[in-house]
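Architecture at a glance
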Amino acid sequence: MKNVTFQFKNFKVDQDKCAMKIGTDAVLLGAWTSIKTQPFSILDIGAGTGILALMLAQRSIAQVIDALEIDSDAYEQCVGNFEQSPWGDRLFCYHASLEEFTEEIDDKYDLIVSNPPFYQEDYKTRNEKRDLARFQDAMPFEHLLESVSELLSGHGIFSVVIPFHVEDSFIPLAEAVGLFPNRILHIKGNPTSKAKRSLMEFSFQKTTISTNTLIIETERHQYTEDYINLTKDFYLKM
């Protein structure tokens with residue numbers, strides 16, 4: 001079966017049970033997310049394969065790295081990927097909805113990351129699992145941000161990837177629950193294309209927003225130095 005396993009430099013990720021396979025969005029977010037505050041505890045909301053938690057386990061010395069996944073097949077896959085990784089003793093996946101998790105967990109996290117479902121188009125496929133993973137009505141942005149505001153420690157950071165075109169509407173939703181943008185990275189496929197994604201970092205502190213742009217390729221399969229530098233610790237051929 002094609003795309004069953006994705007091999008990174010220091011770990012592998014099985015993905016045959018997950019509706020959404022590993023993509024550029026997750027790898028960029030996992031590599032870009034700041035760990036300068038040396039977080040003790042990390043939470044990945046909507047973990048899927050567990051790729052974000054695994055990348056942050058490689059990059060950080062965090063002792064608690066939790067993941068949350070509602071789909072039963074993806075949950076089982078995430079657990080398996082954690083167990084076969086070099087950091088299994090620091091990784092744990094919860095099988096629950098974000099609402100259930102937020103109500104039951106008293107702990108606060110120093111870093112929260114999410115590659116949330118954000119397709120808002122009116123059409124859906126016949127694959128319910130894929131729709132659950134891709135469409136925003138499975139985890140509305142308002143619900144995501146409200147939960148993050150409850151789960152994040154006072155000095156914590158929330159890192160997320162969203163479509164570029166919803167950035168201007170996402171920021172007010174975050175500010176309504178006390179979260180303010182600190183860093184933003186706009187992702188462009190090539191020098192002439194429009195920005196497609198926004199990687200965004202929020203905290204409870206208002207700061208001057210640092211905004212930058214990352215171009216992935218100069219031409220097909222000719223990757224930019226910035227992209228290579230960001231992902232070289234993970235991709236085999238970088």
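Structure first, text after, so check above.
A short tour of the structure in this document, coming up. (Residues numbered from 1 in each chain as written. Predicted model: local features only at pLDDT ≥ 70, side-chain atom pairs only at ≥ 80, totals over all residues. Heavy atoms only, no water.)

**Overview of the packing of helix 1 (residues 24–32) against helix 2 (residues 51–59)**
- Where helix 1 contacts helix 2, the axes come no closer than 9 Å and their chain directions differ by 30°. The angle between helix 1 and helix 2 falls in the class roughly parallel. Here helix 1 runs over helix 2; the crossing is right-handed. Contacts from Ala26, Val27, Leu29, Gly30, Ala31 and Trp32 of helix 1 reach helix 2 at Ile51, Leu52, Met55, Leu56 and Arg59.
- Classifying every residue of the contact of helix 1 with helix 2 gives 9 nonpolar, 1 polar and 1 charged. (Axes fitted to C-alpha atoms, helices over the stretch in contact; angles between N-to-C directions. Helix = DSSP H or I, 4+ residues; strand = E, 2+ residues; numbered from the N terminus. Parallel < 35°, antiparallel > 145°, perpendicular 65-115°, else oblique. Left-handed = near helix turned anticlockwise from the far one by under 90°. Contact = heavy atoms within 4.5 Å. Nonpolar A, V, L, I, M, F, W, Y, C, P; charged D, E, K, R; others polar.)

**Quick word on the nonpolar core**
- Membership of the largest hydrophobic core comes to 40 residues, with the highest contact counts inside it found for Phe8, Phe11, Ile51, Phe82, Leu91 and Leu199.
- When residues of this core are traced back to their parent elements, those giving at least two are helix 1, helix 2, strand 4 (64–69), helix 3 (72–83), strand 5 (91–95), strand 6 (109–114), strand 7 (152–163) and strand 8 (180–188).
- Per-element accounting of this core gives the leading share, 7 residues, to helix 2.
- Contacts of leucine 199, omitting those with residues within four sequence positions, involve Leu28, Leu29, Trp32, Val160, Val161, Arg183, Ile184, Leu185 and Ile187.
- Counting 26 residues, the second largest nonpolar core, distinct from the first, contains Leu151, Ile171, Ala174 and Ile184. (Core = buried A, V, L, I, M, F, W, Y, C linked by side-chain atoms within 4.5 Å. Buried < 20%, exposed > 50% of the residue type's maximum accessible area, 1.4 Å probe, protein only.)

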